[in-house]
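# Summary of structural features
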Amino acid sequence: MDAMPSQSPASSGAYADFRTTHWSIVLQAGHEPSPAANSALEILCRTYWYPLYAFIRRQGNCPHDAEDLTQEFFARFLRLKSLSVVAPHKGKFRTFLLVSLKHFLSDARDRARAAKRGGGKPLLSLDDDDAEHRYAAELPAVLSPENLFDRRWALTVLNNAFARTQAEFSTEDKAAQFDELKVFLSNEAAPGIYEELALKLNMTPGAVGTAVYRLRQRYGELVRAEVANTVGGPADVESELNYILEMAGQ
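Scoring rules and cut-offs
Residues numbered from 1 in each chain as written. Predicted model: local features only at pLDDT ≥ 70, side-chain atom pairs only at ≥ 80, totals over all residues. Heavy atoms only, no water. Helix = DSSP H or I, 4+ residues; strand = E, 2+ residues; numbered from the N terminus. Buried < 20%, exposed > 50% of the residue type's maximum accessible area, 1.4 Å probe, protein only. Contact = heavy atoms within 4.5 Å. Areas by Shrake-Rupley, 256 points an atom, 1.4 Å probe, with all protein chains shown as cover. Axes fitted to C-alpha atoms, helices over the stretch in contact; angles between N-to-C directions. Parallel < 35°, antiparallel > 145°, perpendicular 65-115°, else oblique. Nonpolar A, V, L, I, M, F, W, Y, C, P; charged D, E, K, R; others polar. Core = buried A, V, L, I, M, F, W, Y, C linked by side-chain atoms within 4.5 Å.

Let's shift gears to the overall build of the protein chain. Scanning the protein chain from N- to C-terminus turns up 12 helices and 0 strands. Listing the helices and strands of the protein chain from first to last along the sequence gives α-α-α-α-α-α-α-α-α-α-α-α. Relative to its full complement of 250 residues, the protein chain shows a buried share of 45%. Looking at the protein chain alone, contacts between residues at least 24 apart form 76% of all its contacts between residues at least 6 apart. If you sum the accessible surface of the protein chain, you get close to 12,500 Å²; carbon and sulfur atoms cover 51% of it.

So this is what it looks like as structure tokens:
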């Protein structure tokens, strides 16, 4: 998924999820961490661990060391009151997390890690086999660790939105329709394809076109909502959204 429909947020209701986004809760906590802020931070970490793993691997660490470093980073990040260094000017969660990881890796090189994986009990359950399988499928090492991190971050945002879109259609008993139409989230329809799908889905070609439009619209709203979860407020969404789409298309 590397594209989303262009739409007007005002008309589509795309800003509905700006009530309290995850990262904005963390930012609001400032120097007085709350249970909600800590929970939001942990959810974000669980969601975006793989871009960090990819960054660590691209720096030349073997899979075992990358796994240990990722686990240890999160253990320290979540336990050592990382919220105390959060401030609104920190901006995007993507930037804050990568800067924090770089500081951690710099410190890690200067000390021997006596206990790995956060002292023996990982705070986050990482799918080790899946992580390395995904990393093996990455682009050749032409991307810097930073660019690989940003690309993986972008794809995570889009994949999260895709999963939420799929879940919504499944609950509406439209799973079969979704399976046929999901290709149009990132591709334009070839001539005659709506007519073919109309026969398969027992719909008219016009109804297929309408369903594709609504699917794209909802996916776009959910991509925007995912981005909103990682920035400080509505004013930051457009620039981050544009960057996400740019990196996902590389």
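The subject of this paragraph is the packing of helix α10 (residues 193-201) against helix α11 (residues 205-228). Between α10 and α11, whose axes approach to 8 Å, the crossing angle comes to 100 degrees. The angle between α10 and α11 places the two elements in the roughly perpendicular class. From α10, Y194, E195, L197 and A198 reach across to α11, where they touch P205, V208, G209 and V212. In terms of residue class, the contact of α10 with α11 is built from 6 nonpolar, 1 polar and 1 charged.

Our next topic: the environment of E196. For E196, the location among the structural elements is in helix α10. With a relative accessible area of 54%, E196 lands in the exposed category. For the pair formed by E196 and V208, sequence separation is 12 residues and the distance between their alpha carbons is 9.9 Å.

Attention now moves to helix α4 (residues 49-58). Most of α4 is tucked away: 10 of the 10 residues are buried. Of the residues one or two after α4, G60 is the one with positive phi, at around 105 degrees.

With that settled, consider the nonpolar core. With 64 residues, the main nonpolar core has F93, L101 and L181 as its most contacted residues. Top element by residues in this core is helix α8 (residues 145-171). It accounts for 10 residues.

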